[in-house]
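So you can see what is in the structure, the chains are spelled out below.
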Amino acid sequence: MTVTLYGTRGSVATPDPAMARYGGDTSSVLVASGGGDKLILDAGTGIRKLGERLPRGLARIDILLTHLHMDHIQGLGFFPPLADADIDVHIWGPPSSTHPLEARLARYLSPPLFPVHFRDLPAVTCHECPTDGFEIGPFSIQTSLVCHPDPTLGYRITLGDRALTYIPDHEPALCLVDGAWPEHSWISGHDLALDADLLLHDAQYSDEEYARSVGFGHCSYRHAFAFAALAHVRELVPFHHDPAHDDQTLDRLFEDTLQCFKPGFQVSKGCEGAVFQLG
């Protein structure tokens, strides 16, 4: 399983030279099997470039959305395969008790916010993710609601004996009791991340920023490291970078947390274009 980062920024795209190394596009990740099967995680602005680099001749593409905040769907209308009648595009996302996924996506992909109606796209099918897991090609997928405003999913994707966990928007520290982590069963997202080979996880804030933003649904670097340790992951990639954090700030947050935490697992920087090989 190969994992490629095409969008790593959170909240809003930040095209700025000072952020060029970590990247300015919002969340989008390509997961590929050795046999050529592909999944796309989230449809932030990074999916535009991802779509341009897909091989020709694909018959089907699956997009797994964690939630429907704008930074995770804003690239959908600029994803070239969406307008290709020869490619079946399947969009998966969180269920809702009020409106189906297609109706919720159509609020953005329709005038006056977008010139094309969602209903006019030629070969798009929407699915609300089952709670008991499902399969797409060779990939086995588990989902769970995680701690973030509005219905938000985390994903665990397994191929053979390798597992990727993707939780880009997450505030597990809301479960802290007097500063201590509770039993694992009370920690949001823990089951999804347990023993994962690779964890892409929210790390939007410094400690000082998190103290001012409790309840916003995001994570500090320190809490992301602690969550990864509790889940016994093999490698952590801090993800969903704050739009105000330039490359220098992110380098400092990464190195300071690494030195303070001294993790027993590998930690890699979440930079656009980074490729991770599992297995």
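Up top is the structure these notes are about.
Computed from a predicted structure; not experimentally measured.

> Tell me about the nonpolar core, and please be specific about residues and values.
Note that soluble globular proteins tend to have their nonpolar side chains buried in a common cluster. Met 1, Val 3, Leu 5, Val 29, Ile 141, Leu 164 and Leu 200 are the most contacted members of the largest nonpolar core, which totals 27 residues. Considering each element in turn, this core owes the most residues, four residues, to strand 9 (residues 153-159). Those residues in contact with Val 29 that lie beyond four places of it in its chain are Val 3, Thr 4, Leu 5, Leu 39, Ile 40, Leu 41, Leu 50, Tyr 166, Leu 200 and Phe 239.

> Could you give an account of helix 7 (residues 247-261), naming the residues involved and the relevant values?
Under the 1.5 Å per step criterion, the end-to-end length of helix 7 is 21 Å for 15 residues, consistent within 8% with the ideal 21 Å. Buried within helix 7 are the following residues: Asp 247, Thr 249, Leu 250, Asp 251, Leu 253, Phe 254 and Thr 257. Lining the buried residues of helix 7 we find helix 6 (221-230), strand 12 (235-239) and strand 13 (266-267). Phi turns positive one or two residues past the end of helix 7, at Lys 262, with a value near 45°.

> Please provide a residue-by-residue account of the pattern of salt bridges, values included.
Following the criterion strictly, the structure yields ten salt bridges and no others. Across the pair Arg 234 and Asp 197 runs a salt bridge whose closest N-O atoms are separated by 3.7 Å. In this pair, Arg 234 sits in the loop between helix 6 and strand 12 while Asp 197 sits in the loop between helix 4 (190-193) and strand 11 (198-202), placing the two residues 37 residues apart along the sequence. Taking the relative accessible area as the measure of exposure, Asp 197 reaches 11% and is therefore buried. In this structure, Arg 222 and Asp 207 form a salt bridge, with 3.1 Å as the shortest nitrogen-oxygen distance. Highlighted residues: Arg 222 in helix 6 and Asp 207 in helix 5 (residues 207-211), separated in sequence by 15 residues.

> Explain the sheet that holds strand 5 (residues 88-93) to me, using residue names and the numbers behind them.
Spatial ordering of the open sheet is given by 6-5-4-3-2-1-14, a layout of seven strands whose pairing is mixed. The open sheet has two edge strands, strand 6 (124-128) and strand 14 (275-277), and neither has a second partner. The average undirected angle you get between the axes of adjacent strands in this sheet is 20°. For strand 1 (residues 2-7) and strand 14, the ladder comprises three bridges, and the chain directions are antiparallel. Looking across to strand 14, one finds that Thr 2 is bridged to Gln 277.

The rules behind each value
Residues numbered from 1 in each chain as written. Predicted model: local features only at pLDDT ≥ 70, side-chain atom pairs only at ≥ 80, totals over all residues. Heavy atoms only, no water. Core = buried A, V, L, I, M, F, W, Y, C linked by side-chain atoms within 4.5 Å. Buried < 20%, exposed > 50% of the residue type's maximum accessible area, 1.4 Å probe, protein only. Helix = DSSP H or I, 4+ residues; strand = E, 2+ residues; numbered from the N terminus. Contact = heavy atoms within 4.5 Å. Expected span 1.5 Å × (residues − 1). Salt bridge = Lys/Arg side-chain N within 4 Å of Asp/Glu carboxyl O. Pairing = 2+ DSSP bridges. Axes fitted to C-alpha atoms, helices over the stretch in contact; angles between N-to-C directions.

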